[in-house]
Amino acid sequence: MISGIHHISMKCQSDTEYEKAKKFYIDILGLSILKECESCILMNTDNGIIEVFRNASETLPQGVIRHFAFTVNNIEEIAKSVENAGYEVFVKPKKINIGNDPDFPATIAFCKGPLGEDVEFFQQEW
């Protein structure tokens, strides 16, 4: 059911933090930009994505990492398995489109993990 980690998501509280994160991952670590839009940047690790948002409005209680995401092949099945195991699926499977130039359609779902962490399941719709 799980075929890999799709992305790690972080959120910045200022444009200064955003630029610092962007510089670190692109200029220092050598990641390439997969997509950048007004609210976020997606950087390619060749084995997953680092996603950085620039719009945190307050201190984040869970720290800088908002969630991690698994690439999945059958999001409905994994969400049902998680619920059947007694974990909260607080975002039921839903279709989204990340930006629009080019379109990046996907289906996502979120659950709370065993330690209270947010876990996303991500099924890209090519």
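Preceding block: the structure.
Worth saying up front: this structure is predicted, and the values here are computed from it rather than measured.

## Here's the deal with the overall build of the protein chain
- Secondary structure assignment for the protein chain yields two helices and eight strands.
- Element order for the protein chain, N to C, with α for helix and β for strand: β-α-β-β-β-β-α-β-β-β.
- Against the globule reference of 14 Å for 126 residues, the protein chain gives a C-alpha radius of gyration of 15 Å, in line with a compact fold.
- A separation threshold of at least 6 residues defines the contact pool for the protein chain, and within that pool the share at least 24 residues apart is 52%.
- Carbon together with sulfur atoms contributes 53% to the accessible area of the protein chain, which is approximately 7,600 Å² in total.
- Taking the 12 positively charged and 19 negatively charged side chains of the protein chain as two groups, their mean positions are separated by 2 Å.

## A word on the packing of aromatic side chains
- One pass over the structure, following the stated rule, counts five aromatic pairs.
- Ring geometry for Phe90 against Phe110: centres 5.9 Å apart, planes inclined by 35 degrees, an arrangement best described as tilted. Here Phe110 lies in strand E7 (residues 105-112) and Phe90 lies in the loop between helix H2 (75-84) and strand E6 (91-97), a separation of 20 residues in the sequence.
- The class for Phe90 is partly exposed, based on a relative accessible area of 35%.
- What links up through ring pairs into an aromatic cluster is the set Phe68, Phe70 and Phe121.
- Its guanidinium or amino end placed over the ring of Tyr18, Arg54 lies 3.7 Å from that ring's centre, counting from NZ or CZ.

## Structural notes on H2
- Looking only at H2, the buried set comprises Ile75, Ile78, Ala79 and Val82. Within H2, the buried residues cover an arc of 100 degrees as seen down the axis, which keeps them to one side. What points out from H2, more than 90 degrees from its buried face, is the exposed set Glu76, Lys80 and Asn84.
- The N-cap residue of H2 is Asn74: its side-chain oxygen and the backbone nitrogen of Glu76 are 3.3 Å apart.
- Where H2 ends, the next residue or the one after it, Gly86, has phi of about 95 degrees, a positive value.

## What to know about the nonpolar core
- Counting residues in each nonpolar core, the largest one holds 10 residues, listed as Met10, Cys12, Tyr18, Ala21, Tyr25, Leu31, Ile41, Met43, Ile50 and Val52.
- When residues of this core are traced back to their parent elements, those giving at least two are helix H1 (15-28), strand E3 (40-44) and strand E4 (49-53).
- When residues of this core are assigned to their parent elements, the largest contribution, three residues, is made by H1.

## Notes on H1
- Its 14 residues give H1 an end-to-end C-alpha distance of 18 Å, which sits within 8% of 20 Å, the value for a rise of 1.5 Å per residue.
- On its buried face, H1 sits against strand E1 (2-11), strand E2 (32-36), E3 and E4.
- Gly30 lies just past H1 and shows a positive phi near 80 degrees.

## What about unusual backbone geometry?
- Phi is positive for Asp46, which is not a glycine, with a value near 70 degrees.
- Inspection of the secondary structure puts Asp46 in the loop between E3 and E4.

## Re the side chain of Lys35
- Inspection of the secondary structure assignment puts Lys35 in strand E2.
- A polar contact is formed between the side chain of Lys35 and the backbone oxygen of Pro102, at a distance of 3.5 Å.

Conventions adopted
Residues numbered from 1 in each chain as written. Predicted model: local features only at pLDDT ≥ 70, side-chain atom pairs only at ≥ 80, totals over all residues. Heavy atoms only, no water. Helix = DSSP H or I, 4+ residues; strand = E, 2+ residues; numbered from the N terminus. Rg over C-alpha atoms; globule rule 2.2 N^0.38 Å. Contact = heavy atoms within 4.5 Å. Areas by Shrake-Rupley, 256 points an atom, 1.4 Å probe, with all protein chains shown as cover. Lys, Arg positive; Asp, Glu negative; His and termini not counted. Charge placed at Lys NZ, Arg CZ, Asp CG, Glu CD. Phe/Tyr/Trp six-rings, centres within 6.5 Å; stacked < 30°, edge-to-face > 60°. Buried < 20%, exposed > 50% of the residue type's maximum accessible area, 1.4 Å probe, protein only. Lys NZ or Arg CZ within 6 Å of the ring centre and 35° of its normal. Arc of directions from axis to C-beta. Polar contact = N/O pair within 3.5 Å; in protein donor to acceptor, adjacent residues only side chain to side chain. Core = buried A, V, L, I, M, F, W, Y, C linked by side-chain atoms within 4.5 Å. Expected span 1.5 Å × (residues − 1).

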